[in-house]
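Structural description and commentary
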Amino acid sequence: MPYDLTDEQRDRYRETSLRSKARKQALLRDYNENTPVPGVDLTERLDPNDLMPQLEDNGLTTLSLFSGGGGLDLGFERAGFGHRASFEILDICGETLRANRPDWEVRSGIVEGDVRAARFTPFRGVDIVHGGPPCQPFSVAGKQAGADDPRNMWPDFVRCVQQTRPRAFIAENVPGLLDKKFESFVTENIQAPLEENYTIFKFKLSAHDFGVPQARKRVFFVGFRAARDAARWVQPAPTHGDVETLFGPMLPRNTTRSSLGLPDIGFDEVAPTLRSGFTGPRNTTGVVNSKASMNVWNEMQVWPNGVQPTRSMAAAYTAENGHFRMSVDDCALLQGFPAEWRFSGAVYQALGQIGNSVCPPVAYAVARQVAIALLGE
Ligand SMILES: C[S@@+](CC[C@H](N)C(=O)[O-])C[C@H]1O[C@@H](n2cnc3c(N)ncnc32)[C@H](O)[C@@H]1O
């Protein structure tokens with residue numbers, strides 16, 4: 001943190017920063033967006049759509065709260081659900097959603113998109129309510145203030161479910177929410193107000209178990225209004241891993257370098273968790289989450305700082321240590337977003353939307369099981 005630095009350290013950081021700025025300007029002076037990116041075999045890149053084949057319209061509709069850059073929304077769409085509307089307070093996220101799906105009803109910004117001020121009764125009749133109430137109150141990276149944190153928006157999620165009475169709801173959050181410390185929070189704020197009308201299941205999923213080339217855990221709460229639907233609920237089973245199942249071996253885990261189409265260097269791993277959301281110093285363009293994760297990135301020879309808007313800019317602005325520098329597209333792929341899903345805004349805003357999202361293939365896995373429970377197929 002800047003205020004912990006000595007004058008000498010501050011001078012050194014300033015010097016490094018000026019030097020790398022000058023280096024970047026020099027390298028990008030003659031860059032051309034059509035220059036092929038050396039070392040990346042685009043034909044070998046993972047296509048996240050293969051992890052979530054488009055299913056036929058199942059006739060069920062979703063209302064999306066705290067939609068962010070659309071991870072949950074996209075996963076539900078791929079699983080065959082129709083989109084009723086999205087609520088999101090940040091304009092830039094609204095722009096992403098509208099740019100990708102011009103026909104969706106997107107309510108964004110502080111006037112239209114604030115879930116705390118929204119009226120939900122017009123949406124009664126929707127089949128599903130889903131959302132990820134902001135997770136800073138529970139994140140290990142935050143102060144874990146829970147119910148006392150003004151960013152705790154679970155009461156608004158609960159109000160939406162109570163007002164719209166969907167057949168099922170799906171809420172997503174950071175795994176910290178299942179810590180002992182938050183047991184009474186979960187009981188009082190989520191279970192107690194909803195349990196009267198819903199049978200609730202809670203579980204954790206790891207993105208790399210569903211083919212996403214990244215270690216990322218999320219907790220899910222899934223609730224069903226009808227006992228018959230709840231009785232049919234089966235939690236999504238991992239598809240990727242090194243375990244033998246009753247039906248044979250799982251698919252091998254997808255790892256970072258091979259998913260990005262990079263050459264084999266004799267070491268590859270699932271990517272460390274990408275930094276979440278808009279946390280960290282303002283306008284940060286790095287995705288490093290911890291010191292330990294930096295070692296993994298280094299071993300894989302992938303440079304996770306100074307992420308660039310495009311692949312050709314990342315290639316032109318070579319990392320000083322020769323490691324592969326990532327672009328927004330690369331980070332989106334490591335989160336499980338297909339290449340055609342574009343993020344609006346500057347690099348730090350795109351990374352914020354990516355790092356905040358539910359990996360679409362994980363959302364898809366949950367959505368598929370919900371559809372099976374509701375449709376009885
Ligand atoms: C964890 S992210 C959700 C990510 C999303 N589920 C996805 O899969 O991409 C939480 C989102 O809630 C939004 N948000 C925070 N406060 C809000 C509010 N009062 N009304 C609507 N959205 C809000 C944040 O801007 C952020 O995009």
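Anyway, here's the lowdown on the structure attached to this text. None of the values given here were measured: they were computed from a predicted structure. (Residues numbered from 1 in each chain as written. Predicted model: local features only at pLDDT ≥ 70, side-chain atom pairs only at ≥ 80, totals over all residues. Heavy atoms only, no water.)

**Points about the site of the ligand**
What counts, and what does not: Distances are taken per atom, and a residue is near a molecule or strand as soon as one of its heavy atoms is within 4 Å of it. Any pair of nitrogen or oxygen atoms within 3.5 Å is treated as a polar contact; in protein, a donor-acceptor pairing is required on top of that, and neighbouring residues in sequence qualify only through side-chain atoms on both sides. The Shrake-Rupley method, run with a 1.4 Å probe sphere, supplies the accessible areas, and residue values consider only the shown protein chains as cover. In the scheme used here, Gly and all other residues not listed as nonpolar or charged are polar, with Ala, Val, Leu, Ile, Met, Phe, Trp, Tyr, Cys and Pro taken as nonpolar and Asp, Glu, Lys and Arg as charged.
The full set close to the ligand counts 20 residues, and G71, E88, D114, V115 and V358 are the nearest of them. Between G71 and the ligand, the recorded distance is 2.9 Å, taken from a backbone N or O atom to an oxygen atom. In the environment of the ligand, a nitrogen atom lies 2.9 Å from a nitrogen or oxygen atom belonging to the backbone of V115. In isolation the ligand has 610 Å² of accessible area, and contact with the protein removes 94% of it. A breakdown of the residues in the shell around the ligand according to their chemical character gives eight nonpolar, nine polar and three charged.

**Side note on the pattern of salt bridges**
The line we're drawing: Just to be clear on terms, a salt bridge is a Lys or Arg side-chain nitrogen sitting within 4 Å of an Asp or Glu carboxyl oxygen. Counting from the N terminus, the helices are DSSP H or I runs at least four residues long and the strands are E runs at least two residues long. Buried residues are those whose accessible area, probed at 1.4 Å on protein chains only, stays under 20% of the maximum for their type, while exposed residues exceed 50% and partly exposed ones sit between those limits.
All told, the structure shown has 18 salt bridges when counted by the stated rule. Its salt-bridge partner being R10, residue D7 comes within 3.8 Å of it at the nearest N-O pair. Residue D7 and its partner R10 are both found in helix α1 (residues 7–28); the two are separated by three residues, about one turn of the helix. One salt bridge in this structure joins R167 and D229, with 3.2 Å as the shortest N-O distance. Here R167, found in the loop between α5 (154–164) and β5 (168–173), pairs with D229, found in helix α7 (residues 227–232); they are 62 residues apart in sequence, far enough to count as distant. Classification of D229 by relative accessible area gives buried; the value is 2%. Each of the salt bridges in this network shares a partner with another, and the network as a whole consists of R167, R228, D229 and R232.

**A look at the side chain of N152**
Structurally, N152 is set in the loop between β4 (128–131) and α5. Taking the relative accessible area as the measure of exposure, N152 reaches 11% and is therefore buried.

**Considering the packing of α5 against helix α6 (residues 183–195)**
The condition that has to hold: To get an axis, a line is fitted to the C-alpha atoms, and for a helix only the part in contact is used. The angle between two axes follows their N-to-C directions and goes from 0 to 180 degrees. Orientation categories follow fixed angle ranges, with anything under 35 degrees roughly parallel, anything over 145 roughly antiparallel, 65 to 115 roughly perpendicular, and all other angles oblique. For this analysis, residues touch if any pair of their heavy atoms sits within 4.5 Å.
One can describe the packing of α5 onto α6 by two numbers: an axis separation of 10 Å at closest approach and a directional angle of 10°. Between α5 and α6, the interaxial angle falls into the category roughly parallel. Of the residues in α6, those touching α5 at W154, V158, V161 and Q162 are F185, N189, I190, P193 and L194. For the contact of α5 with α6, the residue count by class is seven nonpolar, two polar and no charged.

**A word on the environment of G345**
Residue position: G345 is located in the loop between α11 (328–334) and α12 (347–356). Given the relative accessible area of 45%, G345 is considered partly exposed. Separated by 249 residues in sequence, G345 and T96 place their C-alpha atoms 8.2 Å apart.

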